[in-house]
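What follows is each chain in one-letter form.
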Amino acid sequence: MRHPTDGTLRRLLDEPAAIADADREHVAGCPYCRSGLAVVQQDAALVGAALDGTPDVDVDAGWRRLSGALVAEGSQVTVPAGPGRRRWKALRSPVAAVVGAAVLVSGVTAAAAAEWLPIFRAEQITPVVAPRADLVQMPDLSDLGDMEVTERIDLRQVADAAAAKKATGLSVPQVNTLPRGVTGRPTFHVVGRVSATLTFSAEKTAGTVASAGKTLPPTLPGLDGSRFRLAAGPAVAAAWSAGRPMPALIVARAVPPTAESSGVPFRTARDYLLSLGVLPENVASQLRAFSGDGTTLPLFTTIEKVTSSATDVGGVPATLLVPRDGTMAAVIWMDRGVLTVVAGSLSADEVLSVARELKVER
Amino acid sequence: MVARRAEWKDSAVVSSPPGVRADLEQVFRTAYPRVVAVAARVLGSRDEAEDVAQEVFLTFGRSTVPAGEALGWLSVAAAHTALNHLRTGRRRASREEAATRAATVSHEAAAGGGEVVSPDVADAVVTREERRRVREALARLPHRQAVALVLRHSGLSYAEVAAVLDLSPGSVGTTVRRAESALRKELNRHASSD
């Protein structure tokens, strides 16, 4: 009988039962094959040792990271394109929680006037928690007038932190200790200022109000056709992605949203918007509780999906957001006129730890 | 970056992404350590292996691979992806080399301290340096040989390796044997040239 092949000898080591009896018996009685088997065994053991080293893995952390990446996959930033509402939609989607929120409480003021006056500047952030069904009913700004995007989203990657600062004037915070599972060097991104102008339309607003089953209250004198300028940014971010579609960690700073209009004080404007009856009552009542000076940025979160809680970062009040599925965490706070966010597919403790150890060059 | 942050939050808030298979979490929790281990055999680094495992599960999450074939599919995908990383040099070589130097120093210190090194090569201590050479050699192997080798050493049976690589179980032994022989030669070549 001819000698079994090296491949058969190799399998004999791992799965002897799979080898034909005749081959097994041959090897047992053949000095040449036994010698060959010994070499095969030595090589297998050496390579096995060289390839060994089963690592300890944190399955929960891995799952959080994967969930975050999957969630993000379906929602890449879209660059605004096309005219009118579509363009605003593209803008609105990414900045909804920021610009849109500010404007909903502050953007509608009365009495067109010759000069732009600041009516809103975010200085603090307060979560507004409501069922998702309520939040999706909230009107788009383009339901109240005509939106024109004056400075589109310009998101781009830059070489390093210095380039990011040069482009935006904002320092990129330095992370002292990366959480476990976050590796590599960050990529740096900048977004220029984003701005839009809303020209209030009593007719459009009446339609929106009517479709909500309400009646438009008397429009304040001079409101129809008046304009509001809304802006946010620029912003910088460092993202640790390591080739993944969604970063494991993002640290970002931004100039918070502002709104400008003319004439009517913030409180009057807000009260008018709330009087339209187009906001869900539980949202409206939370907004009413905000201070009347136009400095509180509402951070809309759905009660079913996200837990928001108050915390602090270096003594500054902060809001911690954790989806109920635990896939990620984010902490957001405002300090010295700059909005800072630390977010990632991490635990709340990890995100807070990064946030509290950030070093920002002033 | 506010934009991306806000959008990310928004999307996280809204719902699970559509098109992701329902059994993903269950499969993930069962198979993740195994998938990381496959990639770690190729890359020699847990962090890099976890990156590969994430990549593989992202693809799997969008796939319709039958649940019963998930582990085999994930293992072979991890081996392929990790080998591609190895070949394209998407690795943090400097860190690896630093670790290698440290390990070599400690190994040499131990050897110089009078420890008896077993003459049996199978029991010999495999140094970090050797591991690095093995991975370099892995990168040079024909792809299928390398995948078969890694999967076999990750605990897949011959039948499983055969199924995922579309080989006969008999030829798996031959493929694995060739790969091991090539790697051993690579190690010996370096050992004799040291």
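Scroll up a little and you will see the structure.
Residues numbered from 1 in each chain as written. Chains lettered and ligands numbered in written order. Predicted model: local features only at pLDDT ≥ 70, side-chain atom pairs only at ≥ 80, totals over all residues. Heavy atoms only, no water.

*Asks:* How do you make sense of the overall build of chain A when you look at a structure like this?
*Replies:* Counting its regular elements, chain A contains 11 helices and 15 strands. The long-range share in chain A, meaning contacts at least 24 apart out of those at least 6 apart in sequence, stands at 72%. When the accessible surface of chain A is split by element, carbon and sulfur atoms take 51% of a total near 15,200 Å². (Helix = DSSP H or I, 4+ residues; strand = E, 2+ residues; numbered from the N terminus. Contact = heavy atoms within 4.5 Å. Areas by Shrake-Rupley, 256 points an atom, 1.4 Å probe, with all protein chains shown as cover.)

*Asks:* What should I look at first to understand the pattern of salt bridges in this one?
*Replies:* Side chains carrying opposite charge are able to pair once their charged atoms draw close together. Here the structure, examined in full by the defined rule, presents 19 salt bridges over all chains. Here Arg152(B) and Asp14(A) are joined by a salt bridge, their closest N and O atoms 2.7 Å apart. Here Arg152(B), found in helix H7 (residues 143-153), pairs with Asp14(A), found in helix H1 (residues 6-14), and the two come from separate chains. Here Arg152(B) falls in the buried class, since its relative accessible area comes to 15%. With relative accessibility at 28%, the residue Asp14(A) sits in the partly exposed group. The closest approach of N and O atoms between Glu50(B) and Arg46(B), which form a salt bridge, is 3.6 Å. On the criterion of helical spacing, the pair formed by Glu50(B) and Arg46(B) is a turn pair, its members being 4 residues apart in helix H3 (residues 46-61). Residue class for Glu50(B) comes out buried when judged on its relative accessible area of 5%. (Salt bridge = Lys/Arg side-chain N within 4 Å of Asp/Glu carboxyl O. Buried < 20%, exposed > 50% of the residue type's maximum accessible area, 1.4 Å probe, protein only.)

*Asks:* Mind showing me how you'd approach the sheet that holds strand S12 (residues 306-313) of chain A here?
*Replies:* The strands that make up a sheet are held in pairs by hydrogen bonds between backbone atoms, and each pair lies either parallel or antiparallel. Residue and element names in this part refer to chain A. An order of S4-S5-S8-S9-S15-S14-S13-S12 is seen for the 8 strands of this open sheet, with the pairing classed as antiparallel. Both outer strands of the open sheet, strand S4 (155-158) and S12, are each paired with one neighbouring strand and no more. Taken pair by pair, the neighbouring strands of this sheet meet at an average axis angle of 20 degrees, ignoring direction. In this fold helix H7 (residues 161-168) packs onto S4, strand S5 (187-191) and strand S8 (235-240), with an angle of close to 5 degrees to the strand it touches most, S5. Contacts from helix H11 (residues 348-356) reach strand S9 (249-254), S12, strand S13 (316-323), strand S14 (329-335) and strand S15 (338-344) within the one sheet, and its direction differs from that of S14 by about 30 degrees. (Pairing = 2+ DSSP bridges. Axes fitted to C-alpha atoms, helices over the stretch in contact; angles between N-to-C directions.)

*Asks:* Even after reading the chapter, I still don't get helix H2 (residues 24-43) of chain B, so can you show me in this structure?
*Replies:* For the α-helix, the turn length of 3.6 residues means that residues three or four positions removed from each other point alike. Residues and elements named next belong to chain B. Between its first and last C-alpha atoms H2 spans 25 Å; for 20 residues at 1.5 Å apiece the expected length is 28 Å, and the helix comes up short by more than 12%. Along H2, the largest kink reaches about 55 degrees and is centred on Ala31; proline Pro33 follows within four residues of it. With 14 of 20 residues buried, H2 is to be regarded as a mostly interior element. Immediately beyond the C-terminal end of H2, within one or two residues, lies Gly44, with a positive phi of roughly 70 degrees. (Expected span 1.5 Å × (residues − 1). Bend = angle between axes of the 7 residues up to and from the residue.)

*Asks:* Is there a simple way to explain the pairing of strand S11 (residues 296-302) of chain A in this structure?
*Replies:* Looking along a regular strand, one sees side chains alternate from face to face of the sheet. Residues and elements named next belong to chain A. By the criterion of burial, S11 is predominantly enclosed, with 7 of the 7 residues buried. Burial along S11 is two-sided: Thr296, Pro298, Phe300 and Thr302 and Leu297, Leu299 and Thr301, pointing in opposite directions, are all buried. With 7 bridges joining them, strand S2 (residues 124-130) and S11 adopt parallel strand pairing. Looking at S11, one finds that Val128 is bridged to Phe300.

*Asks:* Before we go on, may I ask you to explain unusual backbone geometry in this structure?
*Replies:* What you tend to see is this: most non-glycine residues have negative phi, and most peptide bonds are trans. The omega angle of the peptide bond from Gly233(A) to Pro234(A) is 5 degrees, so this bond is cis rather than trans. As for its position among the elements, Pro234(A) is in the loop between strand S7 (227-232) and S8. Its identity is not glycine, yet Arg336(A) carries a phi of approximately 50 degrees, on the positive side. Its place among the elements puts Arg336(A) in the loop between S14 and S15. Backbone geometry places Asp166(B), a non-glycine residue, at a positive phi of 60 degrees. Topologically, Asp166(B) is positioned in the loop between helix H8 (158-165) and helix H9 (169-193).

*Asks:* Which parts of the structure should I look at to understand the state of the cysteines?
*Replies:* Simply put, the disulfide is a covalent bond whose two ends are the sulfur atoms of two cysteines. All names here are of chain A. Per the counting criterion, the structure on display carries 0 disulfides over all chains. The thiol sulfur of Cys30 is not disulfide-bonded, and the nearest other cysteine sulfur, from Cys33, lies at 3.7 Å. For Cys30, a relative accessible area of 9% puts it in the buried group. Exposure remark for Cys33: the relative accessible area of 3% places this residue in the buried category. (Disulfide = S-S within 2.5 Å.)

None of this, on its own, says anything about what the molecule does.
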